[in-house]
Amino acid sequence: MRKDVRILLVGEPKVGKTSLIMSLVSEEFPEVVPYRVEEITIPADVTPERVPTHIVDYSEAEQTDEQLFQEISKANVICIVYAVNNKTSIEKVTSHWIPLITENTDKDSRVPLILVGNKSDLVEHSSMETILPIMNQYSDIETCVECSAKNLKNISELFYYAQKAVLHPTGPLYCPEKKDMKPLCVKALTRIFKVSDLDNDGILNDNELNFFQRVCFNSPLEPQALEDVKNVVRKNLIDGVQHNGLTLKGFLFLHTLFIQRGRHETTWTVLRRFGYDDDLELNQDYLFPPLKIPPDCTTELNHNAYLFLQSVFDKHDKDRDCALSPDELRDLFDVFPYMPWGPDVNNTVCTNDQGWITYQGYLSQWTLTTYLDVQRCLEYLGYLGYSIIAEQESQAAGITATRAKKIDLQKKQTQRNVFRCNVFGDMSSGKSGFLQAFLGRNLMRQKMIKEEHRSYYAISTTYVYGQEKYLLLHEVFPDFDYLTDADMACDIVCLVYDVSNPYSFEYCANVFKQYFMDSKTPCMMIAAKSDLPEVKQMYACSPLEFCRRHKMPPPQSFTCNTAAEPNREIYTKLTTMAMYPHIIQEDLTSSTFWLRASVGATVFAVLGFAVYRLLLKTR
Ligand code: GDP
Ligand code: MG
């Protein structure tokens, strides 16, 4: 909402502009008035809407046209004052004042107008008959009011309407000609309805209505008031109330009624609570609250945000098969202005036999977004109404910035839950197969993936000593010219070569020597396509020898050409190395580790033992 309101009074001389202002301030009619009073500021706590309000007078005798134009462009609302007993002053409203204001205001920022008929004490008849046609002709006219500075009639009302016209304008909400809410307003309220319909049955039941009432107005609805509301809707609409709850139709009807009865501040309160600005767009502060991520830290969702996302999943998984069908997914993202997840997401996370994103896959994708693009994650949480439904200060409350990696390494422990593994390898060495196998897909299943739907990320969970951790695999484009610093920033590196292609190892050796030989990031050599006959690599030394020289674990045989799901052991290994990089470094120097590691199958057992021993030592 606005920080302050600036009200300008214009109109012909002697209609009573100055008197109106002085009557408001002194609560009595001033017999003698100057041509013009200085701008006055009413402090927030004495105005009905609790917003500081500036009232500005105008006098033709004291001010130039230039000054008038300036004041018009600065005003948030303009009261055009006429005297009800002075026909010329009424005619001038349309012949002079409205065109003048239109010329001097920005076309995009609508300035509401209020027609003020002063000196009502001097006539018996109302001027409304003359005024109503003008009101219908100009949609910028918010309202009209007759008053008397002399009798103090409708004076505070006049300024209240002016304040309200700025703070709660009807323009964006309602179309007076059609006598209906505007499409953008219907769209916003529909989204609010869907977010508030916690069980997604299309009806706001008493619980949901009470929650809604509490988050919007900070007070619960009395049981009787709740019934009254439903009865009003019942009386006017056949399908506004169903199963003793409010349908979307009923909800929209109720708001139309509020607006028609001049209670549009109620609708505005709801809209603003759900993040909308005066143009009925979700405002930037709501979607992108300030969030400071220090360097060397990564971003994760916290427990509370996961719980919320779980509830969103549950409310849309209508058939309870723990996966989102295309329809269910569309329904889930119906509160978004666009579909955030493309078909590539289905190849980034786990899916079921039908290719639908599973519960686990859904949480994985959220984890990925949070890790790679936290601003986007905040935006998405905003669309889902996280801060409102989970009753948090802002979307940022769902995000944890992890401790700096440097400190984790120093302290030799980490609280992080998401680890990034960048996968390097020459063209067609088997990188994509390595990523897809993590999602449980063998070679046959991978062949069904359309080229345009492929993903360069794969994320899923692994268990490391009983703790569930996310491992994020990223396939790095092999061209050296395209490699960036971002490609180097990760917790563990995989170097993939094809055992059946004698020219594939050299690439791994080059990447390692150029980028990782002197870095602290642990590296793992993957001997992919191990189902094919192994050939000698065209390189100065064998991969095994290379690994030994550079104190890396020996190459890990891997294949995704399996009948069932590919083996997941390697991913657990990678996550463990990512979590405990120092242990790897230490143990790699010990010859016993090397001996046992080369046996291959026992690597994990040894690793496990090493970690266990270290944990005991630190206790
Ligand atoms: P301005 O030029 O528009 O600022 O008008 P003023 O405030 O100077 O008022 C012009 C004259 O109208 C003064 O003599 C006021 O006393 C008188 N006047 C202002 N308001 C009223 C009103 O509500 N009723 C009556 N009867 N006279 C008013
Ligand atoms: Mg005056």
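Within every chain, residues take consecutive numbers counted from 1 along the sequence as written. Written order decides the labels, with chains lettered from A and ligands numbered from 1. Totals for whole chains, interfaces and linings use all residues, but because this is a predicted model, local features are given only for residues with pLDDT of at least 70 and pairs of side-chain atoms are given and counted only at 80 or more. Remark: hydrogens and water are excluded; side-chain values derive from all non-hydrogen atoms of the structure.

A. Seen up close, the pattern of salt bridges. Here, a salt bridge means any side-chain nitrogen of Lys or Arg that lies within 4 Å of a carboxyl oxygen of Asp or Glu. Applying the stated criterion to the full structure yields 23 salt bridges. By sharing partners, the salt bridges in this structure join Arg6, Glu39, Glu71 and Lys74 into a single network.

B. Local environment of the sheet that holds strand E20 (residues 523-528). An order of E17-E18-E16-E19-E20-E21 is seen for the six strands of this open sheet, with the pairing classed as mixed. The strands lining the two open edges of the sheet, one partner per strand, are strand E17 (457-464) and strand E21 (556-557). Sheet strands touched by helix H21 (residues 505-516): strand E16 (418-425), strand E19 (492-498) and E20. Its angle to E19, the strand with the most contacts, is close to 155 degrees. Any two strands with at least two DSSP-identified bridges between them are counted as paired. Only DSSP runs of H or I covering at least 4 residues are called helices, and only runs of E covering at least 2 are called strands; the numbering of each starts at the N terminus. Two residues form a contact once any of their heavy atoms are found within 4.5 Å. Whenever a helix is involved, its axis is fitted only over the stretch in contact; in every case the axis is a line through C-alpha atoms, and angles between N-to-C directions fall within 0 to 180 degrees.

C. View of the coordination of the magnesium ion (ligand 2). Summarising the metal site, the magnesium ion (ligand 2) is bound by the protein donors Thr18 (OG1) and Tyr35 (O), whose distances to it range over 2.1 Å. On the criterion of sequence distance, the pair formed by Thr18 in helix H1 (residues 17-26) and Tyr35 in the loop between H1 and strand E2 (40-42) is long-range, its members being 17 residues apart. Note that water is not among the atoms considered, so a metal site may appear incomplete; the donors listed are N, O and S atoms within 2.8 Å of the metal, with 3.2 Å applied to Na, K and Ca.

D. Just the site of ligand 1, in detail. Put simply, a residue is near a molecule or strand once any heavy atom of it comes within 4 Å of that molecule or strand. Close to ligand 1 lie 17 residues, the nearest being Lys14, Thr18, Ser19, Asp121 and Ala149. One of the side-chain N or O atoms of Ser19 is found 2.5 Å from an oxygen atom in ligand 1. Polar contacts, as counted here, are pairs of nitrogen or oxygen atoms within 3.5 Å of one another; within protein the pair requires one atom able to donate a hydrogen and one able to accept it, and residues that are adjacent in sequence qualify only if both atoms are side-chain atoms. Contact between ligand 1 and Lys119: an oxygen atom at 3.1 Å from a side-chain N or O atom of the residue. For the area figures, the Shrake-Rupley method with a 1.4 Å probe applies, and any residue is considered shielded solely by the protein chains shown. Computed on the free molecule, ligand 1 has an accessible area of 580 Å², of which 84% lies beneath the protein chains in the complex. The element contributing the most residues to the shell around ligand 1 is H1, with three residues. The classification used treats Ala, Val, Leu, Ile, Met, Phe, Trp, Tyr, Cys and Pro as nonpolar, Asp, Glu, Lys and Arg as charged, and all other residues, Gly among them, as polar. For the shell around ligand 1, the residue count by class is six nonpolar, five polar and six charged.

E. Local environment of the side chain of Lys230. Tracing the backbone shows Lys230 in helix H8 (residues 223-236). Exposure is judged per residue with a 1.4 Å probe applied to protein chains only, and the accessible area is read against the type maximum: over 50% gives exposed, under 20% gives buried, and values in between give partly exposed. Look at Lys230 and you get buried, because its relative accessible area is 0%. Setting aside anything within four residues of it in sequence, one finds Lys230 in contact with Asp206, Val241 and Asn244.

F. The state of the cysteines, seen in detail. Note that a disulfide, as used here, is simply two cysteine sulfur atoms within 2.5 Å. Evaluation of the coordinates by the stated rule reveals zero disulfides. We note that Cys79 lacks a disulfide partner, and the nearest cysteine sulfur, in Cys147, lies 9.1 Å from it. A disulfide-free cysteine, Cys541 has its sulfur positioned 8.7 Å from the sulfur of Cys547, the nearest such atom. Judged by its relative accessible area of 8%, Cys541 is buried.

G. Broad picture of the sheet that holds strand E10 (residues 241-242). If you walk across this open sheet you meet the three strands as E9-E11-E10, and the pairing is antiparallel. Every other strand in the sheet has two partners, leaving strand E9 (203-204) and E10 as the edge strands with one partner each. Bridging between E9 and strand E11 (residues 245-247) involves two bridges; their strand directions are antiparallel. Each residue of the ladder has a partner; that of Leu204, found in E11, is Leu246.

H. Quick look at the environment of Arg273. Inspection of the secondary structure puts Arg273 in helix H10 (residues 264-273). In sequence terms Arg273 and Lys194 are 79 residues apart; their C-alpha atoms lie 15 Å from each other. Among all residues touching Arg273, those that are not within four sequence positions of it are Val215, Cys216 and Ile388.

I. Looking closely at the packing of aromatic side chains. Stacked, edge-to-face and tilted are the three classes for Phe, Tyr and Trp ring pairs, Trp counted by its six-membered ring, which pair at centre distances within 6.5 Å; planes under 30 degrees apart are stacked, over 60 edge-to-face, the rest tilted. One pass over the structure, following the stated rule, counts 32 aromatic pairs. With 4.9 Å between their ring centres and 80 degrees between their planes, Phe333 and Phe336 make a pair best called edge-to-face. Taken individually, Phe333 and Phe336 each receive the classification buried, so the pair is uniform in this respect.

J. Up close: the environment of Glu31. Looking at the secondary structure, you find Glu31 in the loop between H1 and E2. Overall, Glu31 belongs to the exposed group, its relative accessible area being 66%. Expressed as a C-alpha distance, the spacing of Glu31 and Ser120, which sit 89 residues apart in the sequence, is 17 Å.

K. Seen up close, the packing of helix H9 (residues 248-260) against H10. Following both chains from N to C, one finds H9 and H10 inclined at 130 degrees, their axes separated by 6 Å at the closest point. As summarised for this structure, H9 and H10 are arranged oblique, according to the angle between their axes. Judged by residue contacts, His255, Phe258 and Ile259 of H9 engage His264, Thr266, Thr267 and Val270 from H10. In terms of residue class, the contact of H9 with H10 is made up of three nonpolar, four polar and no charged. For classification, angles of less than 35 degrees are called roughly parallel, those exceeding 145 degrees roughly antiparallel, those between 65 and 115 degrees roughly perpendicular, and all remaining angles oblique.

That is the geometry; function is a separate question.
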